[in-house]
Amino acid sequence: MDIMDFLTQKVPLFHGFPIEKLKELVEESDLTTFEPNEAIIEFGEAGRFLGILLEGEAESSLTDDTGRRYRIAVLKEGDIFGETSLMTGDRTFSDIIGITRCKALIIPQQVFSSIIISHPPAITYLSRTISERLKEFAFDDRRQEMVNAFIKRTDDPYGFTLKSPIPMKLLVINCGSSSLKYNLFDTIDNTKNASGKIERIGEQGTRHTYESGGNEITKQLPAGGHKEAFDAMIAELTAEHTGVIRLLSEISAVGHRMVHGGDKFIHSVRIDDAILKDLEALSDLAPLHNPINILGIKEAQKVFPDIPHIAVFDTSFHHTMPPYAYLYGLPYKYYEEKKIRRYGFHGTSHFYVALKAAEYLKKPYNGLEIVTCHLGNGSSVCAVDHGRSVDTSMGFTPAEGLVMGTRCGNIDPAILIHLMHTEGLSREDLDRLINRESGLKGISGISNDLREIQKEAENGHHRAILAIKIFSYQIRKYIGAYMAAMGGLDVLVFTGGIGEGSAGVRSLACQGLGCMGIYIDEKINRAGMGDKEVLEISAGNSQVKVLAVRTNEARMIARETLKVLSSEHVSKIISSHADEPIPVEVSAHHIHLSRDHVDALYGKGYQLTVLSELSQPGQFACNETVNLIGPKGTVNHVRVLGPERKNTQIEIAMTEQYKLGVQPPLRESGDLDGTPGITIEGPAGTITVDKGVICALRHIHMSTEEAIRYGLRDKDVVRVRIGGDRELIFGDVLIRVSPKYRLAMHIDTDEANAANIKTGMQGYIDGIQSRG
């Protein structure tokens, strides 16, 4: 039977499908075969395609830890597979394996998103199929179980191998004032990866180091500018014997490191003329870095004018910091008018090593409390609480925080005023002082290179020893502070040139932290990393894992570049629904109770009673209320929401946090580890829970059908535009997808009051920030 006839007659998904669209779909899809016992989809894979079984029989099955396979369902001709992970964003919860020899039509994600979801009956069919399969598998109840199983079984849960649906070659550019670093990543064949570094640009003695296939070449170049550096890079990448490409057209996209994105760029973006103009406007925030980064972008655009260029920001990882962590004690107008606040830097490195730590420990990244220490000529420390940067040591500029190679780090600002008066220092003098003449170099009087300082310290040089003690003391102080800020610590990570290479600094930074459960194995620590990507140096009795992790910012930039490209089709779909409203609901403080806590507060066997139905099917407000009692005060008559949950959860806004005297983290519903507890008073008793108080992330509930229509998946993060007295755009809005959800956006009362938003208003999805 002709494939077109087969699809229209035997596949319900394509009943009534426009013939021209179906022809286009078939032309852009692939035919493949798989044999008995061969998997076409493996457990834990990200959704990449929709499959149609054309011939043969296959099974959906699971393999347990003993190797025994359990069959969930049998797929026959005309059945679809891969649809659930493709649309929900969850990893595949089973293998798809041939029973007989099978032939299948593979529809890539982008073809699926651009063609199939434009046909409403197809959306309805897919939604119904996904809902039935998720219900059969009890997936909502087993979601975290499946995530944990996936992380334990796979070697690459966070996508560092840079896989793409089609072969791609990604060029990563890190352009400095006197250097050009570059990496080329091949998403199909990593033996064709390459890297290079051109140093002393604009000076005599320009040097080019290039590595590919395990071979390194070093060349001296004539003095020249950045254009000549780019020419040298291209010449080496395309060289006959050592190059990894033959034509420039082989490169698919360019990822650029941008130091400062301000508060405008909170995620990586594709660069166009408007974006470039916005980047130039931010140059005042990072005058030593952004102008040079932009120069690199413009030079690269001349060489590669017809491919996507993606900006990846050092600051964007830290945009999740709460206001109490990023605001300074200056008049508020300077934040509102001049955007003076903590931004943080080294975000690409902090994000990478936090993910690598989670990968090494075989635990979910968003379930850990991590402190990452990026230590090099520039150094910073970051607190990562359940996948979100909540504080970092660098501030408005990279000069704040730790003592660094030539930067002073934290300093009483009145010292600078004093020096202006007593020494007559100008603005330029102060800039040179705090950024180029201070830090380890200024204290030691030797160098900004810790290795040289350590050599002199071995000879008893007093100021060298002092510089090392100051540096290590400050690292230790930040570790303790961030552990306190998060209320716990699972993993401590050292990275960067010093963090990876200096066993002495790691040892000194951890000494005295035994009171916090941090102990290191000095023998393993002294042995060093060697060629390992991750070295565990925690001792057997350490309650906190201590790791040295080799950072790879270039790979992370390439990963972000792929993520931006893969989400562009979603942006197009969202824009086609730009006028479709989403109901906005203001969520007041409330509590969800577990069965045993209902018994304790209202009496054994008590059943919650319905006051009114809520917008989400099966959810209801109860007649019952409780009083919350915190260290500072009480909030009375807090509404109970039903039905009962597995764990008690209390959701409050900032106003209630202050009244109660608690400081809960911003969390997704259900993510309760490391959250504060509280006392709950009911008519029949009082209980104290040791965790459960959160400030809920703003979020949108979507049914599977609605998510398909928008091209979104569970755990995607979007921006939402809400009208009113003044139109506002809310970022960091989490998408939650389930067959049982109904479309609605929830924000808390404090946000609503500040923006004069009321339940019943409407929001509109403005764009996607990141994929789940």
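Relevant structure appears above.
Thresholds applied
- Residues numbered from 1 in each chain as written.
- Predicted model: local features only at pLDDT ≥ 70, side-chain atom pairs only at ≥ 80, totals over all residues.
- Heavy atoms only, no water.
- Core = buried A, V, L, I, M, F, W, Y, C linked by side-chain atoms within 4.5 Å.
- Buried < 20%, exposed > 50% of the residue type's maximum accessible area, 1.4 Å probe, protein only.
- Helix = DSSP H or I, 4+ residues; strand = E, 2+ residues; numbered from the N terminus.
- Contact = heavy atoms within 4.5 Å.
- Pairing = 2+ DSSP bridges.
- Polar contact = N/O pair within 3.5 Å; in protein donor to acceptor, adjacent residues only side chain to side chain.

So, about the nonpolar core. By size, the foremost hydrophobic cluster in this structure holds 38 residues, and its most contacted members are Ile475, Leu492 and Phe494. Residue assignment for this core shows that the elements contributing at least two residues are β17 (369-374), β18 (380-385), α16 (450-458), α17 (462-486), β20 (491-495), α19 (503-510) and β22 (545-549). In this structure, Ile475 is in contact with Cys373, Leu375, Leu402, Phe494, Val505 and Ala509, ignoring residues within four places of it in sequence. Listed in part, the 29 residues of the second largest apolar core include Ile52, Ile80, Ile573 and Ile708.

This paragraph deals with α19. By the criterion of burial, α19 is predominantly enclosed, with 6 of the 8 residues buried. Buried within α19 are the following residues: Ala503, Val505, Arg506, Ser507, Ala509 and Cys510. Residues of α19 that are buried sit in contact with α16, α17, β20, α18 (496-501), α20 (522-527) and β22.

Quick look at the sheet that holds strand β1 (residues 30-34) now. Strand order in the open sheet formed by 4 strands is β1-β8-β3-β6, with antiparallel pairing between adjacent strands. Two strands in the sheet have a free side with no partner beyond their single neighbour: β1 and β6 (80-81).

Mapping Lys469 onto the fold places it in helix α17. Of the residues examined, Lys469 reaches a relative accessible area of 53% and is grouped as exposed. Taking the C-alpha atoms as reference, Lys469 lies 11 Å from Ser507; in sequence the two are 38 residues apart.

With that out of the way, let us pick up the environment of Glu533. In this structure, Glu533 sits in the loop between α20 and β21 (534-536). Residue Glu533 is classed as partly exposed on the basis of its relative accessible area of 45%. In this structure, the C-alpha to C-alpha distance between Glu533 and Arg550, residues 17 residues apart in sequence, is 5.1 Å. With sequence-adjacent residues up to four places away left out, Glu533 is seen in contact with Lys356, Ala548, Val549 and Arg550. Polar contacts involving the side chain of Glu533 include one to the side chain of Lys356, which spans 2.9 Å.

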